[in-house]
Amino acid sequence: MAGGAEVGRAEASGARAVAAGGDIGWVHTGDRVTVLPAEALTLSTDRLVHLPERTQLFVGRARELALLDEGSGIQVICGLGGIGKSTLAARWVADRTADHAVVWWITAETPAELDAGLADLARAMRPDVVGVLPEDALRERALQWLANHDDWLLVLDNVSAPADLGPLLARVGNGRIVVTSRRASGWQDIGRTVVLDVLGPAEAAELFTGVCDADDGLDALCAELGYLPLALKQAAAYCAEAGITPRTYLGLLAEYPGEMFAATAEGGEAGRTVARVWQVTLGRLQDTPLAGRILAILAWWASEGIPRRLLEPLGTPLEVTEAVRRLRAHSMITLDGTAIGVHRVVQAVVRAGDGGEGREAAGALLVEGSLGQSSLDEVLANPAVWRTVAAQVEEFARLTEPEGDSASWAILFEWAGLVFELAVDRRSLFLVARALASYTRLYGAEDERCLRTSGIVTQALHFHDGSPAAIGLFEERLALHIRLYGPDDPRTITVRGNLAEALRAPAPCQAEEMLRENIDRSTRALGPDAPETLGAQLALLVADPDPGTVCPELERLYTRASELLPNGHDVVHAIERHLIIALADAGRPAQALALAEAAADEARSRFADTHPRTLDTRAYHAVVLAMVGDFDRARTLAQELLGQIQAVMGEGELARIIRQLAETELSMGE
């Protein structure tokens, strides 16, 4: 300002000239970038709020909202893409706009987007400087304002990495920041994390019906979508627009998974479908190819409880560890000790895009991790460990078609079925039936593998379902064995005995006739002392309902078998079992208990306390205690055994029986 010029008025001429009617500090002329003084960007309104439209469809999240309420400074909401991080942040922040002079939402997926959001904040604070300062100067001014005030709240949405916030956090620290990110780790030096999980079943149903008021098949669809909010909203919008039920959508999803996971309602955001929402994350993992390969393999296994050791053949320990680490860091998997979990919708989307490499690798790893490492003795020594592998085999079998089974896969399915059968778990039936179908396709119905597996299937069907269909299968197998091996072959004798056992209830006379035929044929062909002959005699005795007649005969057979066969032989063990029950039924509780206790002691001396044979024998002891009226001891023993049986053998028939004994309130005095 010069001479007597009037303050507030000025004129300028010439290229890049500037005229000012007062002291404005630095400006941008095109020659250099400078920053206006602090007072040039003071807040021009009492309150400044910029948030995405607040969703009216919000359910659950009471725990997470409470955690955000309790926090201060910087809080990070992390979790799988599509799990509702941004929705939660928007709901929580919208209720707190009155507490801050500035509430500003920035999409911060990249550092460039974060810088742009800060520049937008500066423009909103002083619209009259728009066009005066360039982007970097606006960003700098916003940082200055944030550093000098504390009554502000920033939301930094979808941050890719903690390091992206370094420049911002180095300058500001007095206000509040809410970060959302798919990154699950690396936040410990920045702020408190709130880990977001899927919705509960009731909340998932509420979210769906908030968009589409239909309930036919709703529970099943919510479960299939793993209670993931984005998948639920996508499905609900599609159902509402197409006029279909959740059950119909579920059918379309099963038949056309790739198309349905990509489908969105008219006007919906194409990038916010479950088929697209994880593509950015997968793109960030491209520098670790093994991570993508592992995810493609995990897609063909169960969604939880995946033994981490199954992945060991994929690379060096460091390579596998690094791939797993990166998948977890980006919320694509979860880790629980040595087990891996993957959201079922992530698996479904990955499977839909798999050209077959993931499926083949998943099968090969299961073969190597089970058949290549376990023997029957190893399985019996630690069945709980191998049951976790068998669970992955079961899911793999359900996700693949029998027509594509190789010979090694058929063996794998049979192996897993037998692992479940150790715990009397009916899942064995599906797996051995799948193995039988594959053996038959590969080798023909008369192949030894088919004959063996058909016996396992038929026995499992008879035990678990008691189905009349089992009788028909036994009859077919007996006719086939007679044709292939003759009527006196040990294999034929076994099948004839199986059929007789199945006929005991519906046709007792026919069953007895077949059992006597078995004794005669076994005695002639194998001799009176053969295990098959002793087993045939046992089967006939067991068919007699009169304990007064059966008990003395069983005692004689037990003595004879114990002298002829090695200690612990299966036939001796079977006779012993039936004799214990017969003694209890015949009113001889002392002898029944003595034999049951001796059997339990013998098993504990030969096997580990947690060996299935030991647990089974001790459980039998508990049952006998209850049979003879000693309910207190039966309950005590059952309570001692229940946890071990569940841990080692799973939730099968034996666990069910022992749980009933453990929970009984009866005693001898009642």
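About the cut-offs
- Residues numbered from 1 in each chain as written.
- Predicted model: local features only at pLDDT ≥ 70, side-chain atom pairs only at ≥ 80, totals over all residues.
- Heavy atoms only, no water.
- Helix = DSSP H or I, 4+ residues; strand = E, 2+ residues; numbered from the N terminus.
- Contact = heavy atoms within 4.5 Å.
- Areas by Shrake-Rupley, 256 points an atom, 1.4 Å probe, with all protein chains shown as cover.
- Pairing = 2+ DSSP bridges.
- Axes fitted to C-alpha atoms, helices over the stretch in contact; angles between N-to-C directions.
- Buried < 20%, exposed > 50% of the residue type's maximum accessible area, 1.4 Å probe, protein only.
- Expected span 1.5 Å × (residues − 1).
- Core = buried A, V, L, I, M, F, W, Y, C linked by side-chain atoms within 4.5 Å.
- Parallel < 35°, antiparallel > 145°, perpendicular 65-115°, else oblique.
- Left-handed = near helix turned anticlockwise from the far one by under 90°.
- Nonpolar A, V, L, I, M, F, W, Y, C, P; charged D, E, K, R; others polar.
- pLDDT = per-residue confidence, 0-100.
- Phe/Tyr/Trp six-rings, centres within 6.5 Å; stacked < 30°, edge-to-face > 60°.
- Salt bridge = Lys/Arg side-chain N within 4 Å of Asp/Glu carboxyl O.
- Polar contact = N/O pair within 3.5 Å; in protein donor to acceptor, adjacent residues only side chain to side chain.

(A) Just the overall build of the chain, in detail. When helices and strands are tallied, the chain shows 30 helices and 9 strands. Within the chain, contacts between residues at least 6 apart in sequence are counted, and of these 66% link residues at least 24 apart. Taken as a whole, the chain presents about 31,100 Å² of accessible surface, with 51% of it coming from carbon and sulfur.

(B) Focus on the sheet that holds strand E1 (residues 48-50). Ordered in space as E1-E3-E4-E5-E2-E6, the 6 strands form an open sheet in which the pairing is parallel. With partners counted over all chains shown, the strands left at the sheet margins are E1 and strand E6 (192-195), one partner each. Here the average twist between neighbouring strands, direction ignored, is 20°. Strand direction decides the pairing type here: E1 and strand E3 (residues 102-107), joined by 3 bridges, are parallel. Bridge assignment links Val-49 to a residue of E3, and that residue is Val-103. Across the sheet, helix H2 (residues 85-94) touches strand E2 (74-78), E3, strand E4 (152-159) and strand E5 (176-181), and the angle it forms with E5 is around 160°.

(C) Quick peek at the sheet that holds strand E9 (residues 339-341). Strands sit in the order E7-E9-E8 across an open sheet of 3 strands; the sheet is antiparallel. The sheet terminates laterally at strand E7 (306-307) and strand E8 (334-336), the two strands that pair on one side only. Strand direction decides the pairing type here: E8 and E9, joined by 3 bridges, are antiparallel. Pairing of Asp-336 across the sheet is with Ala-339, part of E9.

(D) Focus on the side chain of His-330. The residue His-330 is located in the loop between helix H13 (317-329) and E8 in this model. For His-330, a relative accessible area of 5% corresponds to the buried category. Residues contacting His-330, with those up to four places away along its chain left out, are Arg-182, Arg-183, Thr-281, Arg-284 and Leu-285.

(E) Structural detail: helix H4 (residues 135-147). In this model, H4 (13 residues) spans 18 Å end to end at C-alpha, consistent with the 18 Å of a helix rising 1.5 Å per residue. Inspection of H4 places Ala-137, Leu-138, Arg-141, Ala-142, Leu-143, Trp-145 and Leu-146 among the buried residues, and these make up the whole buried set. As for H4, its buried residues are in contact with E3, helix H3 (111-125), E4 and helix H5 (166-169).

(F) Examining the pairing of E5 more closely. The element E5 is extensively covered by neighbouring structure, given that 6 of its 6 residues are classed as buried. Of the two faces of E5, both are covered, the one formed by Arg-176, Val-178 and Thr-180 as well as the one formed by Ile-177, Val-179 and Ser-181. The sheet contact formed by E4 and E5 spans 5 bridges and is parallel. Across the sheet, residue Val-155 finds its bridge partner in E5, namely Val-178.

(G) Structural view of the nonpolar core. Core analysis: the biggest nonpolar cluster contains 122 residues, and Trp-278, Trp-301 and Leu-311 have the highest contact counts within it. Excluding residues that lie within four positions of it along the chain, Trp-278 makes contacts with Leu-80, Gly-81, Arg-182, Leu-228, Met-332, Val-345, Val-346 and Val-349. In this structure, Val-624, Ala-634, Ala-638 and Ile-645 belong to the second largest nonpolar core, which totals 42 residues.

(H) Spotlight on the packing of helix H20 (residues 448-465) against helix H21 (residues 468-485). Where H20 meets H21, the axes come as close as 9 Å, and the angle between the chain directions of the two elements is 155°. The orientation of H20 with respect to H21, classified from their angle, is roughly antiparallel. Here H20 runs over H21; the crossing is left-handed. For the pair H20 and H21, the contacting residues are Glu-448, Leu-451, Ser-454, Gly-455, Thr-458, Gln-459, Leu-461 and His-462 in the first and Ala-469, Ala-470, Leu-473, Phe-474, Arg-477, Leu-480, His-481, Leu-484 and Tyr-485 in the second. Per-class residue counts for the contact of H20 with H21 are 9 nonpolar, 6 polar and 2 charged.

(I) Region of interest: H13. In a regular helix each residue adds 1.5 Å, so 13 residues correspond to 18 Å; H13 covers 18 Å between its end C-alpha atoms and thus fits that length. Among the residues of H13, those classed as buried are Val-320, Ala-323, Val-324, Arg-326, Leu-327 and Ala-329. The inward-facing, buried residues of H13 abut helix H11 (279-284), helix H12 (289-298) and E8. Ser-331, located one to two residues past H13, shows a positive phi value of around 65°.

(J) Here's a closer look at the confidence of the model for the chain. The share of residues in the chain with pLDDT of 70 or more is 90%, and the mean pLDDT across the chain is 87. Across residues 1-10, where pLDDT falls below 50, the model places 8 contacts with residues more than four positions away in sequence or in other chains. Low pLDDT, under 50, characterises residues 666-670; the stretch is placed with 10 contacts to residues that sit more than four places away or in other chains.

(K) Region of interest: the packing of helix H28 (residues 612-627) against helix H29 (residues 631-649). At a closest axis distance of 9 Å, the pairing of H28 and H29 adopts a crossing angle of 155°. Our classification of the angle between H28 and H29 gives roughly antiparallel. In this structure, the crossing between H28 and H29 has a hand that is left-handed. Note on element contacts: H29 touches H28 through Phe-631, Arg-633, Ala-634, Leu-637, Glu-640, Leu-641, Gln-644, Ile-645, Val-648 and Met-649, opposite Pro-612, Leu-615, Arg-618, Ala-619, His-621, Ala-622, Leu-625 and Ala-626.

(L) Quick look at the packing of aromatic side chains. Under the defined criterion, the tally for this structure stands at 5 aromatic pairs. Considering the side-chain rings of Trp-386 and Trp-415, the 6.1 Å spacing of their centres and the 90° angle between planes classify their relative orientation as edge-to-face. With a gap of 29 residues between them, Trp-386 in helix H17 (residues 383-399) and Trp-415 in helix H18 (residues 407-422) connect regions that are remote in the sequence. What links up through ring pairs into an aromatic cluster is the set Phe-396, Trp-409 and Phe-413.

(M) Expanded view of the pattern of salt bridges. The tally for this structure, following the rule as stated, stands at 37 salt bridges. Across the salt bridge formed by Glu-64 and Arg-63, the nearest N and O atoms sit 3.1 Å from each other. Glu-64 gets classed as buried once you look at its relative accessible area, which sits at 7%. Overall, the relative accessible area of 48% leaves Arg-63 in the partly exposed class. A salt bridge links Arg-449 to Asp-447, with the nearest nitrogen and oxygen atoms 2.8 Å apart.

(N) Here's a closer look at the environment of His-481. Within the fold, His-481 resides in helix H21. According to the relative accessible area criterion, His-481 is buried, its value standing at 4%. Placed 14 residues apart in sequence, His-481 and Val-495 show a C-alpha to C-alpha distance of 7.9 Å. Aside from chain neighbours lying at most four places away, what touches His-481 is Leu-451, Gly-486, Arg-491, Thr-492 and Val-495. A polar contact of 2.8 Å, which involves the side chain of His-481, links it to the backbone oxygen of Arg-477.

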